[in-house]
Amino acid sequence: MKTVRDFGGVVVVRVEAARGRRSAAAHRRPPALNASAKRLEIQGLRALAVVLVVLDHLGLWPHGGFIGVDVFFVVSGFLITQLLVRSAVGGASVGAYFGSFYLRRARRILPAALLTLLACWLVAGLAFRGARIGETHSDVLWALGFAANIHFSAIGTNYFASAREPSLVQHFWSLAVEEQFYVVWPVLLLAAVVLLGRRGRGGLSALLAVVVALSAGSFAWALHQTSTAATAAYFSTASRAWELGVGATLAVAIARFPGVAGRMRVVRGPAILLGAAGVLVSAAVVKSAPGFPSPAALAPVAATALILFAGASSTSVFGRWTWPLTNPVSVWLGEISYSLYLWHWPVIVLAASRMTAGTAAYYAVAVCATVGLSMLSYYFIEQPIRDRVAPRRLVADRPRWLAAGVAAVLVLAALGSYHFRPKPAPPVATQAPVAQSPVAAASQPAASGSRVRPVDPTIALPSASLAAAVAAAVEARGFPALNPDLDQLGIPAAQREVWHGCETQTELRASCTFGPAKAASNGSAKRTVLVLGDSVAMSWTPAVRAALGPDGWTVYGFARGQCPAANVAVSPQQLGAATAQGCADHHAAVADVVRRLDPSLIVVSSSDESLTELRDGASGQAAVTEYRAGLTSVLRGLVARHRAVVVLAPPPRGKALLSCDTPGASPVACLGQLKPTWNEQSSADRAAASATGARYLDTLLWFCSANDYCPAFVGHTPVTYDGVHMTKQYATVIAPELAAALTG
């Protein structure tokens, strides 16, 4: 005897007859809703996703491997919704419904995650110095509360903090998205089942309509947010919920139409292979911006859904078609994929902070340490707690201890690769020619290997002491006592010290006015200088003050972060719609500010990344041409009324001391080298100045040796606080050079 309870194809059966008899209703139960069924292709899909993520984070092909996270979202939404639907329609009490789900979720997620967070907290104090330790501890607390996505979104959209080094726990943002989703989704699903009533297939149809509507709403919001604030969209649960919703939709649809998946019997193998190929192609062609996460994530999401749907009606291996996903290696990697995801990122960040990325030793350390730690985490923390393995069984499990031995060998191999890694010696610096009288400078030959042509009047030569100090820093074998030290180089404190409230949009601010309240005069010449541009221009402001202030100049700052001096439209996808519009308003206000202030000297500077942030996505020579035209139009207006206009080259981007000055590291790890974008920016600035009668000053030799090595410190002074913006202290160091260049 048996009783059957039918809810649109989801069947709960109680058998009281002979074991060999099976009811006709049991045949209708979708295998995808069988909790005991092990779908090997899903394990292989997880393996593919985590391998893509790791390859991307190692800087290897395919460079769109970050879409592996999107694959995880769809798989998670699919599997979790299957469990929830089974529980909700199976008559479970409210307490059992929520209790069993969250207990299972906690056993699955928390043990390995807590171990990883504890390790990151402890290792930060050993591997880092200064403010980065506190930053890491703060990040861990956000991750512990499953709010890492909110935290890192705020950092990514806050220009003052966006240049900080990668966090050891930055990858926890995706876990935060999932857990925030699963705080809401079980409640919504149960509410829908209760309110819609349990009326067979009609009830599932109504539930399916609800899931589709919610997913569509999330996707629509994601499209909007991606186009206006891409960084926020990347981390946003609301903008990512549709990806989990696709998996949820598929789970409910299969329950509502159980026979549809079964009709794919003949083509399910090729369909799964096609889906796997779709994930790989997505990783090869999808770019992080523009258009990501929406609509670009549609490609990997659709490919993942195809795999899940095609395999829903069978638990078989599907023959040779699915071998790439169902072979033993793929299945094993899928089993430990969660631990692999947790451990790979902190290992990569630590390896990159202490080794040269891209070397064989770097890859050996990253891969061996990641796999070894993941195996230990999986076999002794994640799997035993998840499956409630008794301690006695754990101790007696020989294969588990064999895996521990393999993991130990891998960790030892990582440590050995790190210890015996090649340790590069400091390069030999080519000292720059020094500033002399014009006649002497013109007659001095360029140093061997130098890019400098002393006869070029646009090249700002350093003093003899500065040139020697830069060369000595390039060749240094140890870190000096820094002033400011690493504790003072945290971005918020250093930013306040350098920018002094200069961030503005359309009005001059008293907080960015320095010197006499009314400009002093020297004869009939008014001594006022206006600094224009983006945050790099702001970081020049202390140097301009130190250079001209002693002679009675009044310094005004009119600048906006991420808004170059050139009248060009910046990308809302990269920088956000608010920044793009604010930049347009700022550009429109420049002419009025200049007219009202009527300065005798205008100093212009912009970041060397300006060429990569144009609204139309131009790159290479097209970006140079567009930027040059935009700067030319601005300079032409500024030089009117015979004003002196000077375009300062930006400091070259380098390495932040907070990331490279680590215990056991040498200054070689902090050496930067000139990037192509700096030369491209220089050519655009130089051409625009030449076309308008403005002066261009190539300031590179104030920061780098003549053979283009750029140290992170000179003497005892950090050059920048974040690899981009000058410290106030270094601005003072180069003030004599700047004074001579501006007034000479």
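Just so it is clear, the model here is predicted, and its values are computed rather than measured. (Residues numbered from 1 in each chain as written. Predicted model: local features only at pLDDT ≥ 70, side-chain atom pairs only at ≥ 80, totals over all residues. Heavy atoms only, no water.)

Novice: Hey, could you run me through the overall build of the protein chain in this one?
Specialist: Helices and strands together make up the secondary structure of the protein chain, namely 30 helices and 14 strands. In the protein chain, buried positions account for 53% of the 744 residues. Residue pairs in contact within the protein chain that sit at least 24 positions apart in sequence constitute 78% of those at least 6 positions apart. Counting every atom, the protein chain has about 30,400 Å² of accessible surface; 63% of that belongs to carbon and sulfur. (Helix = DSSP H or I, 4+ residues; strand = E, 2+ residues; numbered from the N terminus. Buried < 20%, exposed > 50% of the residue type's maximum accessible area, 1.4 Å probe, protein only. Contact = heavy atoms within 4.5 Å. Areas by Shrake-Rupley, 256 points an atom, 1.4 Å probe, with all protein chains shown as cover.)

Novice: How should I be thinking about the environment of arginine 628 in this particular structure?
Specialist: Relative to the assigned elements, arginine 628 resides in helix α26 (residues 620-638). For arginine 628, a relative accessible area of 27% puts it in the partly exposed group. Discounting chain neighbours no more than four positions away, the residues touching arginine 628 are Gln621, Ala684, Ala687 and Ala688.

Novice: For this particular structure, what's the right way to read the nonpolar core?
Specialist: Within the largest apolar cluster, 96 residues are counted, with the highest numbers of intra-cluster contacts made by Val169, Phe172, Leu189 and Leu207. In contact with leucine 189, other than residues within four places in its own chain, are Thr81, Leu84, Val85, Ala88, Tyr97 and Leu207. Core analysis: the second largest hydrophobic core is formed by 76 residues, Val594, Val634, Leu648 and Leu697 among them. (Core = buried A, V, L, I, M, F, W, Y, C linked by side-chain atoms within 4.5 Å.)

Novice: Which parts of the structure should I look at to understand the side chain of histidine 151?
Specialist: Topologically, histidine 151 is positioned in helix α6 (residues 148-157). Given a relative accessible area of 10%, histidine 151 falls into the buried group. A distance of 3.4 Å separates the side chain of histidine 151 from the side chain of tryptophan 142, its partner in a polar contact. When near neighbours in sequence (up to four residues on either side) are disregarded, histidine 151 contacts Ser138, Asp139, Trp142 and Arg164. (Polar contact = N/O pair within 3.5 Å; in protein donor to acceptor, adjacent residues only side chain to side chain.)

Novice: Got a minute to help me understand the state of the cysteines in this structure?
Specialist: The bond known as a disulfide is covalent and runs between the sulfur atoms of two cysteines. Under the counting rule described, the total for this entry stands at three disulfides. Across the disulfide, cysteine 704 is cross-linked to cysteine 710 (sulfur-sulfur distance 2.0 Å). Its S-S torsion of approximately 100° makes the covalent link between cysteine 704 and cysteine 710 right-handed. Taking relative accessible area as the criterion, cysteine 704 reaches 1% and is therefore assigned buried. By relative accessible area, cysteine 710 is classed as buried at 7%. (Disulfide = S-S within 2.5 Å.)

Novice: It is not clear to me how the packing of helix α4 (residues 94-127) against helix α5 (residues 131-144) should be interpreted in this structure. Could you clarify?
Specialist: Two packed helices can be described by the angle between their axes and the distance between those axes. At a closest axis distance of 9 Å, the pairing of α4 and α5 adopts a crossing angle of 170°. The orientation of α4 relative to α5 falls into the category roughly antiparallel. Taken together, the residues of α5 that come into contact with α4 (itself represented by Leu114, Leu117, Cys120, Trp121, Ala124 and Gly125) are Ile133, Thr136, His137, Val140, Leu141, Ala143 and Leu144. Residues that form the contact of α4 with α5 fall into these classes: 10 nonpolar, three polar and no charged. (Axes fitted to C-alpha atoms, helices over the stretch in contact; angles between N-to-C directions. Parallel < 35°, antiparallel > 145°, perpendicular 65-115°, else oblique. Nonpolar A, V, L, I, M, F, W, Y, C, P; charged D, E, K, R; others polar.)

Novice: Would you explain the packing of aromatic side chains in this entry?
Specialist: Each aromatic ring pair is summarised here by two numbers: the centre-to-centre distance and the angle between the ring planes. Inspection of the entire model under this criterion finds 21 aromatic pairs. Plain terms: the ring middles of phenylalanine 479 and phenylalanine 713 are 5.9 Å apart, the flat faces sit at 50° to each other, and that makes the pair tilted. One end of the pair, phenylalanine 479, is in the loop between α21 (464-474) and α22 (491-499); the other, phenylalanine 713, is in strand β13 (residues 713-714), and 234 residues separate them in sequence. Given the relative accessible area of 4%, phenylalanine 713 is considered buried. In textbook terms, an aromatic cluster arises when at least three aromatic residues are bridged by ring pairs, as seen for Tyr97, Phe98, Phe101, Tyr102, Phe181, Tyr182 and Trp185. Geometry around tyrosine 234 places arginine 240 over its ring, the cationic atom sitting 4.6 Å from the centre. Sitting over the ring of phenylalanine 514, arginine 545 keeps its end group 4.1 Å from the ring centre. (Phe/Tyr/Trp six-rings, centres within 6.5 Å; stacked < 30°, edge-to-face > 60°. Lys NZ or Arg CZ within 6 Å of the ring centre and 35° of its normal.)

Novice: Even after reading the chapter, I still don't get the environment of serine 174, so can you show me in this structure?
Specialist: Looking at where serine 174 falls in the secondary structure, it is placed in helix α7 (residues 172-196). Judged by its relative accessible area of 5%, serine 174 is buried. Counting along the chain gives 101 residues from serine 174 to phenylalanine 73, while the straight-line C-alpha distance between them is 8.5 Å. Of the polar contacts made by the side chain of serine 174, one reaches the side chain of tyrosine 341; its length is 2.7 Å.

Novice: Any chance you could explain the pairing of strand β7 (residues 554-559) here in plain terms?
Specialist: For a regular strand, side chains alternate in direction, first toward one face of the sheet and then toward the other. Of all the six residues making up β7, six are buried; the element is thus mostly covered by neighbouring parts of the structure. Neither face of β7 is left uncovered, since the one carrying Thr554, Tyr556 and Phe558 and the one carrying Val555, Gly557 and Ala559 both have all their residues buried. Where strand β3 (residues 513-514) lies against β7, two bridges are found, and the strand directions are antiparallel. Across the sheet, residue threonine 513 finds its bridge partner in β7, namely tyrosine 556. Handedness of the crossover is the feature at issue here: the chain leaves strand β6 (residues 528-533), passes through helix α23 (residues 535-548), returns alongside β7, and the resulting connection is right-handed. (Pairing = 2+ DSSP bridges. Right-handed = clockwise from strand over helix to strand, strands pointing away.)

Novice: Please explain helix α10 (residues 237-256) as it appears in this structure.
Specialist: Taking 1.5 Å of rise per residue, 20 residues should cover 28 Å, and α10 covers 27 Å from first to last C-alpha, within 8% of that figure. Largest kink in α10: about 30°, centred on leucine 244. For α10, a buried count of 17 out of 20 residues is recorded, marking the element as mostly surrounded by other parts of the structure. For α10, the capping residue at the N-terminal end is serine 236, with a side-chain oxygen 3.2 Å from the backbone nitrogen of alanine 238. (Expected span 1.5 Å × (residues − 1). Bend = angle between axes of the 7 residues up to and from the residue.)

Novice: How should the environment of aspartate 487 be read in this particular structure?
Specialist: Mapped onto the elements, aspartate 487 comes out in the loop between α21 and α22. Considered as a pair, aspartate 487 and leucine 658 are 171 residues apart in the sequence and their alpha carbons are 8.9 Å apart. Residues within four places of aspartate 487 in sequence aside, it is in contact with Gly130 and Ala131.

Novice: Help me out: how do you make sense of the sheet that holds β6 in this one?
Specialist: In any sheet, the strands associate via hydrogen bonds between backbone groups, in a parallel or an antiparallel arrangement. Read across the open sheet, the six strands follow the order β3-β7-β6-β8-β9-β11; overall the sheet is mixed. Looking at the sheet topology across the chains shown, the edges are occupied by β3 and β11 (695-697). Packed on one face of the sheet, helix α28 (residues 676-692) meets β9 (644-648) and β11 and runs near 160° to β11.

Novice: How do you make sense of the side chain of serine 571 when you look at a structure like this?
Specialist: Among the structural elements, serine 571 can be located in the loop between β7 and α24 (572-575). Setting aside its immediate chain neighbours within four residues, serine 571 contacts Gly576, Glu613, Leu614 and Arg615.

Novice: Could you clarify how one ought to interpret a nonpolar patch on the surface in this entry?
Specialist: A surface patch of nonpolar side chains, about 550 Å² in accessible area, is lined by Tyr102, Val183, Val184, Val187, Leu188, Val210 and Leu214. When contributions to the nonpolar patch are tallied by element, the ones reaching two or more residues are α7 and α8 (200-228). The leading source of residues in the nonpolar patch is α7, at four residues. Following the sequence through the fold, valine 210 ends up in helix α8. We classify valine 210 as partly exposed; its relative accessible area is 32%. (Patch = residues over 30% accessible without salt bridge, like charges linked within 9 Å, V, L, I, M, F, W, Y side chains within 5 Å. Salt bridge = Lys/Arg side-chain N within 4 Å of Asp/Glu carboxyl O.)

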